[in-house]
Amino acid sequence: MKTSMIKQIPVYVVKNGRLFKNQKDWKFIIIAGVISFLVCSIVGEDMFSTYESTKSGFFAITSSAIWIGVFNSIQRICKEHNTITSEYRSGLHISAYIMSHVIFDFLICLIQSIILMGICLIYIDFPSEGIIFGKSVIEYFITVFLVIWGSDIMGIMISSVASTPNVAMTAMPFVLILQLVMSGVLFELKGWAEKIADITFSKWGMSALGSIGNLNSEELPLKMSLIFPEVVRLESEPAYECTSENLLKAWGFIMIINIVCVIISVISLKIRNRGS
């Protein structure tokens, strides 16, 4: 008799934990710590001194979170395609299999987020006042976690679609480049590019961090205005409005992208195993 999907999820969560230990995947936690240290030690000194340095710092943190998340899972599913096919024939629910990875990686990403934010707090003097919560550090932590976890789920999706680990790793640089370009930091996005940016974690991660850090504040002068006081910013950026609506919108879009990635992962594995 085929076991229900709900009952299969905890079974595969435990299995994922066993594989995490046996395959020494705890190295991803160490890698997250190294990346966090390198980034925070470089950007920390200038954060919240000028608009450019603060925006660049947020961009570096967002990029690091995306890299950490994707690297967690980019090869995981495609390594098990044969096992998935065999267990699918025996009654495996694909949705239970994917959800077990999403749930288990929630814990891994939570640990990585704690490490990243912990190191950030050592090097960066964050303003204390938040938008929704009393402390901004809570909102920064939620944002970092959502970006890491979302990027991890995106890695699961890519790994589900990819036929082999080599194919997944080949796709990884293109995915990361797309995330960086569509963040809205390196280039001004218009037309179709702006639409594509709506489905990237980099845009919404930057929007959330920029909102919490109030990038539109006049207290963050341009570097040029420090030399030439008559130089001022002419307009604020809507993406970084320091409002609860803007912050919740960014978090909401990240969650929507997560759900879409999960759905695509399930569909792709079902298509791959439809003949089983």
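Rules used throughout
Residues numbered from 1 in each chain as written. Predicted model: local features only at pLDDT ≥ 70, side-chain atom pairs only at ≥ 80, totals over all residues. Heavy atoms only, no water. Helix = DSSP H or I, 4+ residues; strand = E, 2+ residues; numbered from the N terminus. Rg over C-alpha atoms; globule rule 2.2 N^0.38 Å. Buried < 20%, exposed > 50% of the residue type's maximum accessible area, 1.4 Å probe, protein only. Contact = heavy atoms within 4.5 Å. Areas by Shrake-Rupley, 256 points an atom, 1.4 Å probe, with all protein chains shown as cover. Lys, Arg positive; Asp, Glu negative; His and termini not counted. Charge placed at Lys NZ, Arg CZ, Asp CG, Glu CD. Expected span 1.5 Å × (residues − 1). Axes fitted to C-alpha atoms, helices over the stretch in contact; angles between N-to-C directions. Parallel < 35°, antiparallel > 145°, perpendicular 65-115°, else oblique. Left-handed = near helix turned anticlockwise from the far one by under 90°. Nonpolar A, V, L, I, M, F, W, Y, C, P; charged D, E, K, R; others polar. Disulfide = S-S within 2.5 Å. Phe/Tyr/Trp six-rings, centres within 6.5 Å; stacked < 30°, edge-to-face > 60°. Lys NZ or Arg CZ within 6 Å of the ring centre and 35° of its normal.

Participant: How would you explain the overall build of the protein chain if you had to name every residue and give the values?
Facilitator: If you tally the helices and strands in the protein chain, you get eleven helices and zero strands. Ordered by position from the N terminus, the helices and strands of the protein chain form the series α-α-α-α-α-α-α-α-α-α-α. For 276 residues, the compact-globule estimate of 2.2 N^0.38 gives 19 Å, and the protein chain sits close to it at 20 Å. Dimensions of the protein chain, computed from C-alpha atoms along their principal axes, come out at roughly 75 × 40 × 35 Å. Within the protein chain, buried positions represent 50% of all 276 residues. Excluding contacts between residues fewer than 6 apart, the proportion of contacts in the protein chain whose partners are at least 24 apart in sequence is 79%. A total accessible area of about 13,800 Å² is found for the protein chain, and carbon and sulfur atoms account for 66% of it. One way to put it: in the protein chain the 21 positive side-chain charges average out to a point 20 Å from where the 21 negative ones average out.

Participant: So what's going on with helix α2 (residues 27-43)? Residues and values would help.
Facilitator: Here α2 contains 17 residues, and its C-alpha end-to-end distance of 24 Å stays within 8% of the 24 Å for a straight helix at 1.5 Å per residue. At its buried positions, α2 is contacted by α1 (5-22), α3 (51-73) and α5 (94-123).

Participant: Mind laying out the packing of α5 against helix α11 (residues 244-272), listing which residues take part and the relevant values?
Facilitator: Packing of α5 against α11 leaves a shortest axis separation of 9 Å and a crossing angle of 140°. With respect to each other, α5 and α11 are oriented oblique. Every pair of crossing elements has a handedness; the one defined by α5 and α11 is right-handed. Note on element contacts: α11 touches α5 through V262, S265, V266, L269 and K270, opposite I94, S95, Y97, I98, M99 and V102. Residues belonging to the contact of α5 with α11 are distributed by class as follows: eight nonpolar, two polar and one charged.

Participant: An account of the environment of Y12 is requested, with residue identities and associated values reported.
Facilitator: Counting through the fold element by element, Y12 comes out in helix α1. Residues Y12 and A96 lie 84 residues apart in sequence; the distance between their C-alpha atoms is 7.9 Å.

Participant: Describe the state of the cysteines, with residues and values.
Facilitator: The bond known as a disulfide is covalent and runs between the sulfur atoms of two cysteines. Applying the stated criterion to the full structure yields zero disulfides. The thiol of C40 is not disulfide-bonded; the next cysteine sulfur, from C120, is found 3.1 Å away. You can call C40 buried: its relative accessible area is 0%. Cysteine C78 remains unbridged, with the sulfur of C261 as its closest cysteine sulfur at 15 Å. For C78, a relative accessible area of 5% translates into the label buried.

Participant: An account of the packing of aromatic side chains is needed here, citing residue identities and associated values.
Facilitator: Tallied over the full model, the rule gives 13 aromatic pairs. Consider the rings of F20 and F104, whose centres lie 5.6 Å apart with planes at 65°: the pair is edge-to-face. Highlighted residues: F20 in helix α1 and F104 in helix α5, separated in sequence by 84 residues. F104 carries the same exposure label as F20, and that label is buried. For the pair W67 and F71, a centre-to-centre distance of 4.8 Å together with 15° between the ring planes defines the contact as stacked. Taken together, the residues W67 and F71, both in helix α3 and four residues apart, mark about one turn of the helix. Residue classification places W67 among the partly exposed residues on the basis of a relative accessible area of 30%. Aromatic ring contacts, followed pair by pair, group F48, F58, F126 and Y140 into a single cluster. When the ring centre of F28 is taken as origin, the NZ or CZ atom of K27, which lies over that ring, is 4.8 Å away.

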